Amino acid sequence: MGDGSRPSLRLDGVASLQRGDLELRFPRGQETRAEAAADLVDVLRPVVARYLGVSWQGGVRLELLEVARASGANPVTGTLLHSLRGFDERSPLSAGSLSYELGRLLLYRAGRDGDYPGSGPRHPDWLPEAALLPLRHVWVDRSAWLDAVAEQVALFRWRKPFAEPLLRDMRRLNPRQRVVASAQCLLRGQTLARYHPDWIRTWRRRLAEDPGRDGEEALELATGAGRAVWEERFAADLQQATETLGSPPPGGW
């Protein structure tokens, strides 16, 4: 525009539903779908909070718009994008996907990641992924969960696992590589859980008690083992699981 002003964002056709600290934005005329989405989030949030061992903090904005709009999110409001199709199908897969996203948001808040004073990332990419990826499967039964773990193990029958530096910064990976890295992160989480069943909650508490503490330092404090020890355990468990074609290590996963 010639006067230097910018055209206003057109929000006609967009409605909002407020339920406590949850806000949903959706296309007008789809109130029933928005109510169903709010019901789903009401079910998921307590489960995610119990998984991380923390009460819910801050508000959430969920957008059911096919095209994302400017959210106006502030530091205590998380914006989650989820497709309309996901809520229509209401499957364990869609519930797991949203649980994972809610978990990432709550871990960021409860771990006080926003207060971290370091110049680089607080965590290597693989560490929060190892903690949160099981949430993608939290709504399936045990048999389906074991099948999912075995499927991830099977990837390494024909793909070499990535070295830790590549798992530290997964943005450098292409989409096909990211599938393998994600499987590796999930399996690392299972190794951590085998040695320390409550590692996620303990790790999260160590993060929260000192915002200057990075993720690896918190993990060492939570488990009593440093990076070198864990890398050896990850490699040994993956090797054994691959050799036994998807069977979990002794002690079970």
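Here, every reference points to the structure presented above.
Remember, predicted model here, so these are calculated numbers, not experimental data.

Novice: I'm lost on a nonpolar patch on the surface in this one. Help?
Specialist: Taken together, the side chains of Val-43, Val-138 and Trp-139 present a nonpolar region at the surface, about 230 Å² in accessible area. On the secondary structure map, Trp-139 appears in the loop between helix H4 (126–132) and helix H5 (142–154).

Novice: Looking at this model, I keep getting lost on helix H8 (residues 199–209). Mind explaining?
Specialist: Looking at H8, one finds that the buried residues are Trp-199, Ile-200, Thr-202, Trp-203, Arg-204, Leu-207 and Ala-208. Of the surrounding secondary structure, the elements contacted by the buried residues of H8 are helix H1 (31–52), helix H3 (92–110), H4, helix H7 (175–195) and helix H9 (215–223).

Novice: Got a minute to help me understand the pattern of salt bridges in this structure?
Specialist: Note on pairing: side chains with opposite charge can pair once their charged atoms come close. Applying the stated criterion to the full structure yields 20 salt bridges. Taking the shortest distance from any N to any O, the salt bridge between Glu-63 and Arg-25 comes out at 2.9 Å. Of this pair, Glu-63 sits in strand S3 (residues 59–63) while Arg-25 is found in strand S2 (residues 22–27), placing the two residues 38 residues apart along the sequence. Classification of Glu-63 as buried rests on a relative accessible area of 1%. Here Arg-112 ties to Asp-115 by a salt bridge, and the two come within 3.6 Å at their closest N and O atoms. Since its relative accessible area comes to 47%, Asp-115 is described here as partly exposed. A network of salt bridges, in which partner residues are shared, links Arg-206, Glu-209, Asp-210, Arg-213 and Glu-217.

Novice: Just to check I follow, could you spell out helix H10 (residues 227–243) for this structure?
Specialist: Turn by turn, an α-helix covers 3.6 residues, leaving residues three or four places apart pointing in a common direction. Its 17 residues place the ends of H10 24 Å apart at the C-alpha level, agreeing with the 24 Å of an ideal helix rising 1.5 Å per residue. Regarding H10, the residues found buried are Trp-230, Phe-234, Asp-237, Leu-238, Ala-241 and Thr-242. Viewed along the axis of H10, the buried residues span an arc of 125°, placing them on a single side of the element. Turned more than 90 degrees from where H10 packs its buried face, Ala-228, Glu-232 and Glu-243 sit exposed.

Novice: Please explain the packing of H1 against H3 as it appears in this structure.
Specialist: For any two helices packed against each other, one specifies the inter-axial angle together with the distance between the axes. The N-to-C vectors of H1 and H3 enclose an angle of 55°; their axes lie 9 Å apart at closest approach. Of the possible angle classes, the one that applies to H1 and H3 is oblique. Helix-helix and strand crossings are classified by hand; for H1 and H3 the assignment is right-handed. Residue-level contacts link Leu-40, Val-41, Leu-44, Arg-45, Val-48, Ala-49 and Leu-52 of H1 to Ala-95, Leu-98, Ser-99, Leu-102, Gly-103, Leu-106 and Leu-107 of H3.

Novice: Explanation requested: the environment of Val-14 in the structure shown.
Specialist: With respect to the helices and strands, Val-14 occurs in strand S1 (residues 14–19). C-alpha of Val-14 to C-alpha of Leu-65: the two residues are 51 residues apart in sequence and 8.2 Å apart in space.

Novice: Even after reading the chapter, I still don't get the sheet that holds strand S4 (residues 77–81), so can you show me in this structure?
Specialist: The strands making up a sheet associate through backbone hydrogen bonding, with each pair oriented either parallel or antiparallel. An order of S1-S2-S3-S4 is seen for the 4 strands of this open sheet, with the pairing classed as mixed. Two strands in the sheet have a free side with no partner beyond their single neighbour: S1 and S4. The mean angle between the axes of side-by-side strands here comes to 20°, regardless of whether they run parallel or antiparallel. Here S3 pairs with S4 via 5 bridges, running parallel. Its bridge partner lying in S4, Val-60 is registered against Gly-78.

Novice: For this particular structure, what's the right way to read the pairing of S2?
Specialist: Taken residue by residue, a regular strand's side chains alternate between the two faces of the sheet. The buried fraction of S2 amounts to 6 of the 6 residues, a majority that puts the element mostly inside the structure. As judged from the 6 bridges shared by S1 and S2, these two strands associate in the antiparallel manner. Looking across to S2, one finds that Arg-19 is bridged to Leu-22. Two successive antiparallel strands, S1 and S2, enclose a turn made up of 2 residues, where Gly-20 displays a positive phi of approximately 60°. Sheet topology note: the S2/S3 ladder contains 4 bridges and is parallel. Bridge pairing links Leu-24 to Leu-62 in S3. After leaving S2, the chain enters H1 and then returns to the sheet as S3, a path that is left-handed.

Criteria and thresholds
Residues numbered from 1 in each chain as written. Predicted model: local features only at pLDDT ≥ 70, side-chain atom pairs only at ≥ 80, totals over all residues. Heavy atoms only, no water. Patch = residues over 30% accessible without salt bridge, like charges linked within 9 Å, V, L, I, M, F, W, Y side chains within 5 Å. Areas by Shrake-Rupley, 256 points an atom, 1.4 Å probe, with all protein chains shown as cover. Salt bridge = Lys/Arg side-chain N within 4 Å of Asp/Glu carboxyl O. Helix = DSSP H or I, 4+ residues; strand = E, 2+ residues; numbered from the N terminus. Buried < 20%, exposed > 50% of the residue type's maximum accessible area, 1.4 Å probe, protein only. Contact = heavy atoms within 4.5 Å. Expected span 1.5 Å × (residues − 1). Arc of directions from axis to C-beta. Axes fitted to C-alpha atoms, helices over the stretch in contact; angles between N-to-C directions. Parallel < 35°, antiparallel > 145°, perpendicular 65-115°, else oblique. Left-handed = near helix turned anticlockwise from the far one by under 90°. Pairing = 2+ DSSP bridges. Right-handed = clockwise from strand over helix to strand, strands pointing away.

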